Amino acid sequence: MASVKLTKVKKIYDNKVVAVHDFDLEIKDKEFVVFVGPSGCGKSTTLRMVAGLEDISEGTVEIDGEVVNDLQPKDRGIAMVFQNYALYPHMTVYDNIAFSLRLSKTPEDVVYEKVTKAAEVLGITEYLTRKPRALSGGQRQRVAIGRAMVRDSKVFLMDEPLSNLDAKLRNQMRAEIILLRQKLNTTFIYVTHDQTEAMTLGDRIVIMKDGYIMQVGTPAEVFDMPNNLFVAGFIGAPQMNFINTELLCENGKYYVTPFGVKLPVEGEKAELLAKKNVKSGKIVLGVRPEHITLAKGNEAAIPCSLLVNEMMGSELHLHVSTEDETALIVRVPTINLSTEERSSLVNGHKLSVTFEGKAMHFFDPNTEANLLV
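Rules of the game
Residue positions are given per chain, counting from 1 as you read along its sequence in written order. Thresholds applied to this predicted model are a pLDDT of at least 70 for local features of residues and 80 or more for the giving and counting of side-chain atom pairs; totals over whole chains, interfaces and linings are not thresholded and use all residues. Note: side-chain values were computed over all heavy atoms of the structure, leaving out hydrogens and water. The set of buried Ala, Val, Leu, Ile, Met, Phe, Trp, Tyr and Cys residues whose side-chain atoms join them within 4.5 Å is what this entry labels a nonpolar core. Burial status follows relative accessibility: with a 1.4 Å probe on protein chains alone, a residue under 20% of its type maximum counts as buried, one over 50% as exposed, and anything between as partly exposed. Whether two residues are in contact is decided by their heavy atoms: any pair within 4.5 Å suffices. Strands here mean DSSP runs of E at least two residues long; helices mean DSSP runs of H or I at least four residues long; both are numbered from the N terminus. By the convention used here, strands pair only if DSSP detects at least 2 bridges between them. Whether a set of points on the 1 Å grid over the protein atoms alone is a cavity depends on a 1.4 Å probe fitting there but being unable to get out, while an open set qualifies as a pocket with protein on both sides within 12 Å along at least five of seven lines; lining residues are those with an atom within 4 Å of a point. Grid points are joined across faces, edges and corners, and a volume is the space filled by probe spheres set on the points. When residues are sorted by character, Ala, Val, Leu, Ile, Met, Phe, Trp, Tyr, Cys and Pro go into the nonpolar class, Asp, Glu, Lys and Arg into the charged class, and all the rest, Gly among them, into the polar class.

Overview of the nonpolar core
Looking at soluble globular proteins, one finds that nonpolar side chains tend to be buried together.
Thinking step 1. Ranked by internal contacts, the top residues of the largest apolar core, which has 45 residues, are Ile97, Val115, Ile124, Ile145, Tyr190 and Ile207.
Thinking step 2. Beyond its immediate sequence surroundings of up to four residues, Ile207 is in contact with Val36, Tyr212, Ile213, Met214, Gln215, Val222, Phe230, Val231 and Ile235.
Thinking step 3. Of all hydrophobic cores here, the second largest spans 32 residues; its members include Val278, Leu285, Ile292 and Met360.

Describing the environment of Ser100
Thinking step 1. Looking at the secondary structure, you find Ser100 in helix α2 (residues 93–103).
Thinking step 2. Taking relative accessible area as the criterion, Ser100 reaches 21% and is therefore assigned partly exposed.
Thinking step 3. For the pair Ser100 and Lys350, spaced 250 residues apart in sequence, the C-alpha to C-alpha distance is 64 Å.
Thinking step 4. Setting aside chain neighbours within four positions, we find Ser100 in contact with Arg147, Val150 and Arg151.

A few points about unusual backbone geometry
Thinking step 1. A cis amide bond, omega -10°, links Ala237 with the succeeding residue Pro238.
Thinking step 2. Inspection of the secondary structure assignment puts Pro238 in the loop between α8 (229–234) and β11 (241–250).
Thinking step 3. Although it is not a glycine, Lys30 sits at a positive phi angle of roughly 70°.
Thinking step 4. Position of Lys30 among the secondary structure elements: in the loop between β2 (18–27) and β3 (32–36).
Thinking step 5. Given a relative accessible area of 35%, Lys30 falls into the partly exposed group.

Side note on the pairing of strand β6 (residues 78–81)
Thinking step 1. Along β6, one buried face is formed by Ile78 and Met80 and the opposite face, lined by Ala79 and Val81, is buried too.
Thinking step 2. Bridge count between β6 and strand β7 (residues 155–159): four bridges; the pairing is parallel. Within the sheet, the bridge partner assigned to Ala79 lies in β7 and is Phe156.

Some words on the layout of surface pockets
Thinking step 1. Taken as a whole, the largest pocket spans an internal volume of roughly 610 Å³.
Thinking step 2. Forming the boundary of the largest pocket are 23 residues, of which Ile78, Met80, Ser100, Arg147 and Arg151 lie nearest the centre.
Thinking step 3. At the level of secondary structure, the elements contributing two or more residues to the lining of the largest pocket comprise β6, α2 and α4 (137–149).
Thinking step 4. Considered class by class, the residues forming the lining of the largest pocket number 16 nonpolar, four polar and three charged.
Thinking step 5. Each pocket or cavity is described by its volume, and for the second largest pocket that value is around 340 Å³.
Thinking step 6. Contributing to the lining of the second largest pocket are 14 residues, with Lys117, Met149, Val150, Asp152 and Leu184 lying nearest its centre.
Thinking step 7. Listing elements by their share of the lining of the second largest pocket, those giving two or more residues are α3 (108–122) and α5 (167–184).
Thinking step 8. Counting residues per element, the lining of the second largest pocket draws most heavily on α3, at five residues.

So, in structure tokens, the structure goes:
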């Protein structure tokens, strides 16, 4: 088991393009950290620098207190699981898992013990004599994980291991990775572009954009208190609604005025605004779709027209347009709606929405920073 420390790590390619800028992060022993962000943000490049598959232009990478910049991948005490599985097609599952052990001249009885134990943990014992082409995508990914498991590595690196699987298999494999982590009890660094994977798997999440770290925190921290507009929009599905409006401070109380409707800011958010002495002015107001409710007889409500009704099973995703044609998304649990109410939610239907002050997020329109951070 090992900690990992990246200090001022930078990656500059030959064409002078900087892929990763001054990356600073300490990962504790046995911690599961997820790098997440859109394509091209530098998350896989950072992982590959930890693995030794990419040269480090500047800065240092330490594993278990040792600087590994000049060490070969095989000498870093890491095991890596790739997006494309990287299995040998002419070998059986058993031989694929055993390959690295045999390469290091491990006695065959030890090879057998480790391979069969890994196969048992991953539920692939019955496939040990098969070739990869006879396996499903999920089974191949288990083989790739098994090959990494038997190396007894200090750090597990996983580069978008589930991106080639369909939605049902991804859900299943997410649960299996959580269980595997509990059994292995080792340090994990996991790369994904899928924020659902990041939120469900990580002890901490590193959110990246254009080679920079935007925020590091627990899933709850980045969801409840995003550092900026990018993080707020990236974490959460559907993404947070953003509204250009005014924040008012009157007699020590705060209000927002979206679409000409005056709504009070309440609870902890109001206390934080007062503590930080935030003044009246223009803001970008953020409200998550699940925190917007259909108004019933509420005077402080925002009139809208329904554009699209997406039936998601236990909830509806209502795409609505306000009177000034601002688009919003509202998540509505179906259990709270009568059959008549559900049938009335068709294109063009007039409705009103509202949201509570405790559900609001406040961003500076110029810097895009969260005013409460």
